[in-house]
Every structure is written in structure tokens, then in C-alpha cells.
Amino acid sequence: MSVSSITADEFTRCFPRFMLHDDLVNGLLEQASRHSFPAGMHLYWEGDSCSGIAFLLSGSIRVYRCSEAGREITLYEIGSGETCILNASCILAEKPYPANAVTLTEGEFLLIPAGSFRRMLGVHELLRNMVFSLLSDRLGDIMELVNEVAFRRMDLRLMEYLVEKSAHGQLLSTHQKIASDLGTSREVVSRILKEFERQGKIALNRR
């Protein structure tokens, strides 16, 4: 990863909730370093320690868990202007990262050292409110994920996924990626997609 600096204007364009809070922004930037990353890079493996918290400036990151059998399930994705609540909770609790985080695209993030982040949380109410708001949003996402995995039919979930993720009637993805996002196996996804194709609902192509 390469490292560079960032201005206050650049930061607040990505994180507009910090506008008009110059003391907080300047305090964050004094402690921060700016990093770029390629697509497909693992930022965290389950059990890693969190030396800092990342504020995503561009790109996207996938946070997921992996079973002992190797099956993956996506917990959530992070985009520009967001940060990872598991990252924040690990710093606050001083515990290892409980999942895996991999970059989906190239991008950049601002890294704040863990100690500096904890100190600033104690001083700045805005920063605390941001963490609480993020925790609430992500908890809702996780509860919805649990509900879908436990109680909803996979064919309905898969069709909703295809509609949501497609652009102009097309989705460029793999059966394994879809399975990981939905918390099921590649074989299940392939079987249902074949049935959708037989019913004339979709057309499948290699790649």
C-alpha cells in the first residue's frame, strides 16, 4: 500500500458529517495516514489485532465470516464515506478482529491509530455519535441477514439479489461470489440459477 497526505476539504467531502467541526477534523488528520490499496487485498484476517481504524475515502471492502468447512457469508460491505464497525469495536474492546475484510476494488482509506481514536472518542461527542449511529445501522443489517438466512426461501432471496445487483439487466459475477454474499453453497446457487434459466427468467453465460 502506498501512503500520502490528505487535506481537510478532501476528508469532509467524503465524510460530510464532519463539516464545520474543524477541531475534530484537524485532530484526526494530524494523527492519520492516507493509504491506497489494490482490489483483492485482505486487510484483516479473523484474529488479527486492530492497530488503527480506517475511514474509507474511495473503493469498497467486503467483511465476511468463514465456516470450518470453508463456506463464506458476507456480513456487509463498506463504501466511500464509511468505516467498519467491527474495526471500531475491536479498538474499543481491545480484542482481535472477529471476521475477514477484503478489498473489492482499488481505493484509498485514512488510517487513525487505535490509541488516538480512543482518546478522541472521549473528547468529541460527534465522533461518539458517529460510532453509535454506525453500530445501530450495522446491527440492523446483521439482524436482517440472520432473518433471511434462517427463515426465507433461498430461491426468493436469490432472485431479489439478482434484481438488486444487476445493471441494465446484466450481472457480472460468479456463482461462488453470489453464494458467499447469500451465505449458502455454490452448488445451491448453481442449481437454482439453472432452474431459473429453465423457466426462462434468466440467461446464463460463462464469465
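Scroll up to find the structure.
### Observations regarding helix H2 (residues 22-31)
Residues that lie three or four places apart on an α-helix share one face, since the helix turns once every 3.6 residues. By the burial criterion, the buried members of H2 are Leu24, Val25, Gly27, Leu28 and Leu29. Of the surrounding secondary structure, the elements contacted by the buried residues of H2 are helix H1 (8-14), strand S8 (107-113), helix H4 (114-123) and helix H5 (125-151).

### Re the side chain of Arg138
Mapping Arg138 onto the fold places it in helix H5. Not counting the four nearest positions on each side in its chain, Arg138 is found in contact with Tyr76, Glu77, Ile78, Glu82 and Ile85.

### Here's the deal with the pairing of strand S7 (residues 100-103)
Residues of S7 alternate between two faces, with Asn100 and Val102 on one and Ala101 and Thr103 on the opposite face, all of them buried. The sheet contact formed by strand S3 (residues 42-44) and S7 spans two bridges and is antiparallel. Looking at S7, one finds that His42 is bridged to Val102. Inspection of the sheet shows strand S5 (residues 61-66) paired to S7 by four bridges, in the antiparallel sense. Paired with Arg62 across the two strands is Val102, which belongs to S7.

### Here's the deal with helix H8 (residues 186-198)
Compared with an ideal rise of 1.5 Å per residue, which puts 13 residues at 18 Å, H8 spans 18 Å between its outermost C-alpha atoms and is within 8% of the ideal. Among the residues making up H8, those that are buried are Val188, Val189, Ser190, Ile192, Leu193 and Phe196. Elements that come into contact with the buried residues of H8 comprise helix H6 (154-165) and helix H7 (175-182).

### Comments concerning the layout of surface pockets
By volume, the largest pocket amounts to about 540 Å³. If you go around the largest pocket, you meet 20 residues; those closest to its centre are Gln170, Leu171, Ala203, Leu204 and Asn205. Looking at the lining of the largest pocket, the elements with two or more residues in it are H6 and H7. It is H6 that provides the largest number of residues to the lining of the largest pocket, a total of three residues. Estimates place the volume of the second largest pocket at around 460 Å³.

### Points about the nonpolar core
Generally speaking, a soluble globular protein has its nonpolar side chains buried in company with each other. Ranked by size, the top nonpolar core spans 39 residues in total, and within it Phe11, Phe18, Phe55, Val63, Tyr97, Phe117 and Leu127 carry the most contacts. For this core, the secondary structure elements donating two or more residues are H2, strand S4 (52-58), S5, strand S6 (72-78), helix H3 (85-93), S8, H4 and H5. Among the elements that make up this core, the one with the highest residue count is H3 (five residues). Excluding its chain neighbours within four sequence positions, the residues that come into contact with Phe55 are Phe11, Phe15, Phe18, Glu82, Thr83, Phe109, Leu110, Ile112, Phe117, Leu127 and Met130. Residues Leu158, Leu182, Val188 and Ile192 belong to the second largest nonpolar core, which totals 12 residues.

### Some thoughts on the environment of Ser80
Along the chain, Ser80 falls in the loop between S6 and H3. Ser80 gets classed as partly exposed once you look at its relative accessible area, which sits at 45%. Sequence-distant contacts of Ser80, defined by excluding residues within four places in its chain, comprise Cys14, Leu56, Leu57, Ser58 and Gly59. Of the polar contacts made by the side chain of Ser80, one reaches the backbone oxygen of Leu57; its length is 2.8 Å.

Each value, and the rule that gives it
Residues numbered from 1 in each chain as written. Predicted model: local features only at pLDDT ≥ 70, side-chain atom pairs only at ≥ 80, totals over all residues. Heavy atoms only, no water. Buried < 20%, exposed > 50% of the residue type's maximum accessible area, 1.4 Å probe, protein only. Helix = DSSP H or I, 4+ residues; strand = E, 2+ residues; numbered from the N terminus. Contact = heavy atoms within 4.5 Å. Pairing = 2+ DSSP bridges. Expected span 1.5 Å × (residues − 1). 1 Å grid on protein atoms, 1.4 Å probe; cavity = no way out; pocket = protein on both sides within 12 Å on 5 of 7 lines; lining within 4 Å. Points joined across faces, edges and corners; volume = space filled by probe spheres on them. Core = buried A, V, L, I, M, F, W, Y, C linked by side-chain atoms within 4.5 Å. Polar contact = N/O pair within 3.5 Å; in protein donor to acceptor, adjacent residues only side chain to side chain.

Read these as layout, nothing more, since geometry by itself doesn't imply function.
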